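Residues per chain are reported as follows:
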Amino acid sequence: KATVSVLNWAFAYPEVHFMAAAVVPSLPAAAGRRVSVLSYNVLLPNSADGWWIYKYYKGGTEEERTAWPARQALLRTQLVAAGADVVCLQECSALSFEDDFAFMAAAGYDAELLQKGRMRSATFWKAGRLEKVWSKQTDRALSSGFRLRDPGADAPAAPTPAAPSKGGKAAPPAPADIYVVNCHLAAGPAGPRRMRQVFDALEAVRKAAKPAANAVVPAVVCGDFNSQGHTAVHELLAHGAVQPDFADPDLAPGEVLTSKPKKNQLGAFVDAYTAAYRDALKQPPPPTMVVAELQGMMCRDAARDGAPDAGVPDHVSPGFAANVRRMFDVFAKGGDTMDKDGIEAWLGAVNKKLGRGSEYRAALKIVEGMRAGAAERDAGSTGASAPGFEAGDVLTFADFLSVYA
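Residues numbered from 1 in each chain as written. Predicted model: local features only at pLDDT ≥ 70, side-chain atom pairs only at ≥ 80, totals over all residues. Heavy atoms only, no water.

A. Representation of the overall build of the protein chain. Along its length, the protein chain carries 13 helices and 16 strands. When the 405 residues of the protein chain are sorted by exposure, 41% land in the buried category. For the protein chain, the share of sequence-separated contacts (at least 6 apart) that also reach a separation of at least 24 residues comes to 64%. Put simply, the protein chain shows about 21300 Å² of open surface, and 55% of that area lies on carbon and sulfur atoms. (Helix = DSSP H or I, 4+ residues; strand = E, 2+ residues; numbered from the N terminus. Buried < 20%, exposed > 50% of the residue type's maximum accessible area, 1.4 Å probe, protein only. Contact = heavy atoms within 4.5 Å. Areas by Shrake-Rupley, 256 points an atom, 1.4 Å probe, with all protein chains shown as cover.)

B. Looking closely at the layout of surface pockets. A volume near 210 Å³ is recorded for the second largest pocket. Along its surface, the second largest pocket is lined by 14 residues, and Gly50, Trp51, Ile53, Thr66 and Ala67 are the ones closest to its centre. When contributions to the lining of the second largest pocket are tallied by element, the ones reaching two or more residues are helix H1 (63-66) and helix H2 (68-82). Among the residues forming the lining of the second largest pocket, the class breakdown is 6 nonpolar, 4 polar and 4 charged. (1 Å grid on protein atoms, 1.4 Å probe; cavity = no way out; pocket = protein on both sides within 12 Å on 5 of 7 lines; lining within 4 Å. Points joined across faces, edges and corners; volume = space filled by probe spheres on them. Nonpolar A, V, L, I, M, F, W, Y, C, P; charged D, E, K, R; others polar.)

C. Representation of empty space enclosed by the protein in the model. The tally for this structure, following the rule as stated, stands at 1 cavity of 30 Å³ or more. Arg300, Pro308, Asp309, Val312, Val316, Ser317, Pro318 and Ala321 are the residues that line the largest cavity. Tallied by class, the residues present in the lining of the largest cavity amount to 5 nonpolar, 1 polar and 2 charged.

D. Fine view of the environment of Leu79. Within the secondary structure, Leu79 is located in helix H2. Along the primary structure Leu79 and Met104 are separated by 25 residues, whereas in three dimensions their C-alpha atoms are 8.2 Å apart. What Leu79 contacts, discounting residues up to four positions off in sequence, is Leu38, Tyr40, Val87, Leu89, Phe103 and Met104.

E. Quick peek at the nonpolar core. In this structure, Tyr179, Leu202, Val221 and Leu237 are the most contacted members of the largest nonpolar core, which totals 29 residues. Those elements that place two or more of their residues in this core are strand E8 (130-138), strand E10 (178-184), helix H5 (191-209), strand E11 (219-224) and helix H6 (232-239). It is H5 that contributes the most residues to this core, 8 residues altogether. Those residues in contact with Tyr179 that sit more than four places away from it in its chain are Trp134, Ser144, Gly145, Val205, Ala208, Ala209, Val217, Pro218, Ala219 and Val220. (Core = buried A, V, L, I, M, F, W, Y, C linked by side-chain atoms within 4.5 Å.)

F. Quick look at the side chain of Gln197. Relative to the helices and strands, Gln197 resides in helix H5. On the accessibility criterion, Gln197 (2% relative accessible area) is buried. A polar contact of 3.0 Å, which involves the side chain of Gln197, links it to the backbone nitrogen of Ala186. (Polar contact = N/O pair within 3.5 Å; in protein donor to acceptor, adjacent residues only side chain to side chain.)

G. Quick look at the side chain of Lys262. Mapped onto the fold, Lys262 is located in strand E13 (residues 262-263). Here Lys262 occupies a buried position and makes no salt bridge, while the nearest side chain of opposite charge, Asp200, is found at 5.9 Å. Contact partners of Lys262, with chain neighbours within four places excluded, come to Met195, Phe199, Leu236, Gly240, Ala241 and Val242. (Lys, Arg positive; Asp, Glu negative; His and termini not counted. Salt bridge = Lys/Arg side-chain N within 4 Å of Asp/Glu carboxyl O.)

H. Quick peek at the packing of helix H10 (residues 318-332) against helix H13 (residues 397-404). Relative to each other, H10 and H13 sit at 120 degrees, their axes nearing to 10 Å. Here H10 is positioned oblique relative to H13, judged by the angle of their axes. Read as a crossing pair, H10 and H13 show a hand that is right-handed. Only Phe397, Phe400, Leu401 and Tyr404 of H13 make contact with H10, whose side of the interface consists of Phe320, Ala321, Val324, Arg325, Met327 and Phe328. Taken together, the residues that form the contact of H10 with H13 break down as 9 nonpolar, no polar and 1 charged. (Axes fitted to C-alpha atoms, helices over the stretch in contact; angles between N-to-C directions. Parallel < 35°, antiparallel > 145°, perpendicular 65-115°, else oblique. Left-handed = near helix turned anticlockwise from the far one by under 90°.)

I. Structural detail: unusual backbone geometry. The residue after Leu44, namely Pro45, is reached through a cis peptide bond having omega 10 degrees. With respect to the helices, strands and loops of the structure, Pro45 is situated in the loop between strand E4 (34-41) and H1. Non-glycine residue Lys282 carries a positive phi angle of around 60 degrees. In this structure, Lys333 takes a positive phi of about 55 degrees despite not being glycine. You can see Lys333 is positioned in the loop between H10 and strand E15 (337-338). Looking at Lys333, the relative accessible area reads 78%, which means it is exposed.

J. Broad picture of the pattern of salt bridges. As enumerated under the stated definition, the model contains 16 salt bridges in all. Of the charged contacts, one joins Asp305 and Arg304 as a salt bridge, the two residues approaching to 2.8 Å between their closest N and O atoms. One salt-bridge network, held together by shared partners, links Arg371, Glu390 and Asp393.

K. Expanded view of a nonpolar patch on the surface. Together, Leu43, Tyr56 and Tyr57 make up a nonpolar patch on the protein surface, roughly 270 Å² of accessible area in all. Relative to the helices and strands, Tyr56 resides in the loop between E4 and H1. (Patch = residues over 30% accessible without salt bridge, like charges linked within 9 Å, V, L, I, M, F, W, Y side chains within 5 Å.)

L. Main features of the packing of H5 against H6. Contact pair H5 / H6: the axes reach a minimum separation of 8 Å and the direction vectors enclose 30 degrees. Taken together, H5 and H6 sit at an angle that is classed as roughly parallel. Across the interface between the two elements, Arg194, Met195, Val198, Phe199 and Leu202 of H5 pack against Ala232, Val233, Leu236 and Leu237 of H6. Of the residues that constitute the contact of H5 with H6, the class distribution is 8 nonpolar, no polar and 1 charged.

M. How the structure looks around the confidence of the model for the protein chain. Overall, the predicted model of the protein chain reaches an average pLDDT of 85, with 83% of residues at or above 70. Every residue in residues 1-9 is under pLDDT 50, and counting partners more than four places away or in other chains gives 47 contacts. (pLDDT = per-residue confidence, 0-100.)

Right, dumping it as structure tokens:
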């Protein structure tokens, strides 16, 4: 059996040793058939794609600290110092992948990047210790099979060629010593798709490994699951199967999770994060993020806040609405509406450039709807207009609040 050390969110089967630390340390030196795996969402934007990362930081943070060079230096320190045999990253950019993570190649890692999507997963492995013998790319998942190299080898050996089989076709590679699934599952209300993404990746591993009956397939499933709690993904991994009537918390009313049972043919996995704390350290798993709790400030609590104010959506807290109102008043200059100049000043302040960001798209949709309504009332107008804001465009406070609510 291969034994696995895991950092970050992962499921591992069959036998796992765990580490957990606030600051990533160097993992124990891998020896024999021990393999270490680290998973890390590095957050798009990287160096070439995207611009919005500064919004993730507390107000007043120096801009250079939010830029890619500073983030890259932190990643280099953490990833290289950890020294994991396999490093699984999420949210890499194909536009700049080689440059962004050149430090991993310099540290002796080979890599494979998922070939679809804007935010892509990438799996790195120590070329001197592991040989990749198989890989499969499915929906938002990159699955890899690795064979341990001869521990006495000084340099990476050439990949072992597959022996010809009958009929002249190359025989499939020998089963790997360990399989690693690196996934970044779909975000939002997409519980059925997330389950299918994991199921398809597990099936790819099973077909590659071709295990005999009751045989163990050493495997780790890790990455960004974009969900939490007792979801269908957790049920599939931890308990081995999902029934059609499973109550996934991410299901929309009336949505069907699966028309027939989904079975994980590799067997039940161990939840690495839970086991690392509850089983090994005898304490409940701590939060994966230590940040200010903002949801309670933004969402209305009926017991605390009472009935909503007129014109404020039921789910919005009075405090949040009041703060949005203060922002509106700044750009509306105390008036009842925000004109074109105020709209563009607001968008420039929050997005640093006009023409980008969800706020820009939402505001433009509102004013375009107003123009269309005006055009219907004016038989002499086609309602056609150029993209962007025009003189006469306005937002009321209700419009402005809807952008954020």
